[in-house]
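# Examination of the molecular architecture
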Amino acid sequence: MSSLFPALSERPDRPALRFGEPGRSGAPDPSAERDRALTYGELGAAAGAVATRLAGADRVAVWATPTLETAVAVVAALLAGVPAVPLNPKTGERELTHIVTDSRPSLVLAAPGDELPAPLAGVPRLDLAPDGPAGRLPGHGQEATDRQDAPQRAEDAQDPEAPALIVYTSGTTGPPKGVVLSRRAIAASLDALEDAWAWTSDDVLVHALPLFHVHGLILGVLGPLRRGGSVRHLGRFGAEGVTRELASGGTMLFGVPTMYHRLAEALPEDAELAKALSGARLLVSGSAALPLHDHERISAATGRRVIERYGMTETLMNTSVRVDAEPRPGSVGVPLRGVDLRLVEEDGTEITAYDGETVGEIQVRGPNLFTEYLNRPDATAAAFDGTWFRTGDMAVRDADGSVRIVGRKATDLIKSGGYKIGAGEIENALLDHPGVREAAVTGEPDPDLGERIVAWVVPADPGNPPGAEELADHVAAQLAPHKRPRVVRHLDALPRNDMGKIMKRALDA
């Protein structure tokens, strides 16, 4: 039995993976759709055939396109006990060169026909197809493919602390760091979500997230496979694909705020989408805060609430709104099973208040934590306060222990007039104004206040944007006078990364 994926041997006839064509939001034609789907038995055979080719590799890179090949490659590496490094196909040459040089993969796994950029030119390549590898590894004979039980034995023999994935951070404060995630961390986090979300083998997950990070790959592919359920990846996000898959058996939808915003925009004119979302068991948003306005629009149209969870590459999942709890827009819920969470002052003093007001940095510990930053013992040591990981995220806790994140310590904690203010709560207040489509909040130096609050606003009607005084009064009435923006700057759009997160350093620049 597979230690991470029991269903590979226990439920061979059940659907495991189905992928739409990348670059399209609709489904392929029916025959192509069958070609892009695997049962657990077929996945076990395909990944097992690849795993036999990986014996002896130190680690492998995976060209992580949103395709069946990527899922097969990662499962194969896990079966073989070889750490996998997912590569974002949109990464620029300089950053990719750093990642390849730092991780030193023995080979790169890709789909046939994928054009790999120059930084990968010197890395041996293995092409994959759903029914096994189309290429060969130098030094491995055909007899390796006959040892079908070898990958199974390799996976079962793995130490829970053995590295499974090396996922590179975004590199916002320097070159990306390789986060080493163990088999223990992956299993612990996914099993804690099983508890929080009542996640079972009957669930069919729909998503269209990229497969080079925690949300899309670990939660969105490995999560269903660990439960024995199935994944339907759209290839590319679109309301049509979401409607089709949820209406035809999908029970869960994973997305980021940008995706839910687009669904909220489409709902008034799309009764079928509203019906499909209404029938889903669970709608989950992550990677950034979902604006309150989109929460309310989706709830009003479907009768369903989107729940939020909170995690990082280094910690996997830390908290979530539980499926059996009352959803609370703006909250990322309570700590997951096995996760200890505390808030601390700047000097490291623990905050004991559960008042919904006192802001502190989140620190966590538990079996979900990463092992180390690859080749960076200095950065690993600096990331911990004893056994506690310093997340850099600022939050408050409500009376019931629910966590509300107010921003990042480096960019979202504003010290103004003697107050510590989280940008996130001001952003939510601004988004509640009917004249605001998008909003971001930063601080800038002020000779009197220390820092003044700056609101960056994309107006709902560019021809009639809300004025600075109007927005300041709106925020002061909802929150407190000292939290009102002192400066308002209008933009056509906010700068965002691939996951929809606002790049505030670009605003400051």
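The rules we used
Residues numbered from 1 in each chain as written. Predicted model: local features only at pLDDT ≥ 70, side-chain atom pairs only at ≥ 80, totals over all residues. Heavy atoms only, no water. Helix = DSSP H or I, 4+ residues; strand = E, 2+ residues; numbered from the N terminus. Buried < 20%, exposed > 50% of the residue type's maximum accessible area, 1.4 Å probe, protein only. Contact = heavy atoms within 4.5 Å. Areas by Shrake-Rupley, 256 points an atom, 1.4 Å probe, with all protein chains shown as cover. Core = buried A, V, L, I, M, F, W, Y, C linked by side-chain atoms within 4.5 Å. Pairing = 2+ DSSP bridges. Axes fitted to C-alpha atoms, helices over the stretch in contact; angles between N-to-C directions. Polar contact = N/O pair within 3.5 Å; in protein donor to acceptor, adjacent residues only side chain to side chain. Phe/Tyr/Trp six-rings, centres within 6.5 Å; stacked < 30°, edge-to-face > 60°. Lys NZ or Arg CZ within 6 Å of the ring centre and 35° of its normal. Arc of directions from axis to C-beta.

### Things to note about the overall build of the protein chain
A tally of helices and strands in the protein chain yields 16 helices and 28 strands. Looking at the protein chain residue by residue over its 509 residues, the buried ones come to 56%. Nonlocal contacts in the protein chain, meaning residues at least 24 apart in sequence, comprise 66% of its contacts between residues at least 6 apart. Summing over all exposed atoms, the protein chain offers an accessible surface of approximately 20,400 Å²; the carbon and sulfur share of this is 49%.

### Topic: the nonpolar core
Counting residues in hydrophobic clusters, the biggest one holds 109 residues, and the most contacted among them are Leu-17, Leu-54, Trp-197 and Ile-218. If one sorts the elements of this core by residue count, helix α4 (residues 68-80) sits on top with eleven residues. Residues within four places of Trp-197 in sequence aside, it is in contact with Leu-219, Met-252, Phe-254, Arg-281, Leu-282, Val-284, Ile-307, Arg-309, Ser-320, Val-321 and Val-323. Counting residues in each nonpolar core, the second largest holds 16 residues, with Ile-414, Ile-421, Leu-431 and Ala-455 among its members.

### Some words on the sheet that holds strand β1 (residues 15-19)
Paired through their backbone hydrogen bonds, the strands of a sheet run either parallel or antiparallel. Spatially, the nine strands line up as an open sheet ordered β2-β1-β11-β10-β12-β13-β14-β15-β16, and their pairing is mixed. Strand pairing shows two members of the sheet lacking a second neighbour, β2 (37-39) and β16 (334-335), which therefore form its edges. Where β1 meets strand β11 (residues 230-233), three bridges bridge the pair, whose relative direction is parallel. Residue pairing across strands places Leu-17 opposite Val-231, the latter belonging to β11. Most of the contacts of helix α7 (residues 183-197) go to strand β15 (residues 316-320), to which it runs at about 20 degrees, and overall it touches β12 (252-255), β13 (282-285), β14 (307-312) and β15.

### Concerning the side chain of Thr-442
Tracing the sequence through the fold places Thr-442 in strand β26 (residues 436-446). For Thr-442, the side chain forms a polar contact with the side chain of Trp-456, separated by 2.9 Å. When sequence neighbours within four positions are dropped, the list of residues in contact with Thr-442 reads Ile-414, Arg-452, Ile-453, Val-454, Trp-456, Lys-504 and Asp-508.

### Section: the packing of aromatic side chains
The relation between two aromatic rings is expressed through the spacing of the ring centres and the mutual angle of the planes. In this structure the tally under the stated criterion is seven aromatic pairs. With 5.6 Å between their ring centres and 65 degrees between their planes, Trp-197 and Phe-254 make a pair best called edge-to-face. Placement of the pair is Trp-197 in helix α7 and Phe-254 in strand β12, with a sequence separation of 57 residues. This pair shows no difference in class: Trp-197 is buried, exactly as Phe-254 is. A cation over an aromatic ring shows up here: Lys-177 above the ring of Tyr-373, its NZ or CZ 5.0 Å from the ring centre. For Arg-489, the ring lying beneath its charged end belongs to Trp-456, and the centroid distance is 5.2 Å.

### Brief notes about helix α15 (residues 468-478)
Every buried residue belonging to α15 is among Leu-471, Ala-472, His-474 and Val-475, and all of these are buried. Looking straight down α15, one finds its buried side chains confined to an arc of 160 degrees; they lie on one side. Those residues of α15 that are exposed and aimed more than 90 degrees away from the buried face are Glu-469 and Ala-477. The inward-facing, buried residues of α15 abut α14 (423-431), β26, β27 (450-459) and β28 (487-490).

### Regarding unusual backbone geometry
Its identity as a non-glycine residue notwithstanding, Arg-104 has a phi of 50 degrees, on the positive side. Along the chain, the position of Arg-104 falls in the loop between α5 (93-103) and β5 (107-110). Of the residues examined, Arg-104 reaches a relative accessible area of 52% and is grouped as exposed. The backbone of Ala-198 sits at a positive phi, close to 50 degrees, despite the residue not being glycine. Looking at the secondary structure, you find Ala-198 in the loop between α7 and β10 (204-207). On the basis of relative accessible area, Ala-198 is assigned to the partly exposed category, the value being 38%.

### Describing the environment of Thr-352
On the secondary structure map, Thr-352 appears in the loop between β18 (350-351) and β19 (360-365). Separated by 45 residues in sequence, Thr-352 and Arg-397 place their C-alpha atoms 9.4 Å apart.

### Some thoughts on the pairing of β27
Most of β27 is tucked away: seven of the ten residues are buried. Summarising the sheet, β26 and β27 pair through ten bridges and their orientation is antiparallel. The partner of Asp-446 across the bridge, within β27, is Gly-450. Taking the residues that link successive antiparallel strands as the turn, the β26-β27 hairpin has three residues. Where β27 meets β28, four bridges bridge the pair, whose relative direction is parallel.

### Description of the pairing of strand β24 (residues 413-416)
Along any regular strand, the residues point their side chains to alternate faces of the sheet. In terms of strand pairing, β24 meets strand β25 (residues 419-422) through four bridges, oriented antiparallel. Counted as the bridge partner of Lys-415 is Lys-420 from β25. Linkage of β24 to β25, two consecutive antiparallel strands, is achieved through a turn of two residues, within which Gly-417 is found at a positive phi near 60 degrees.

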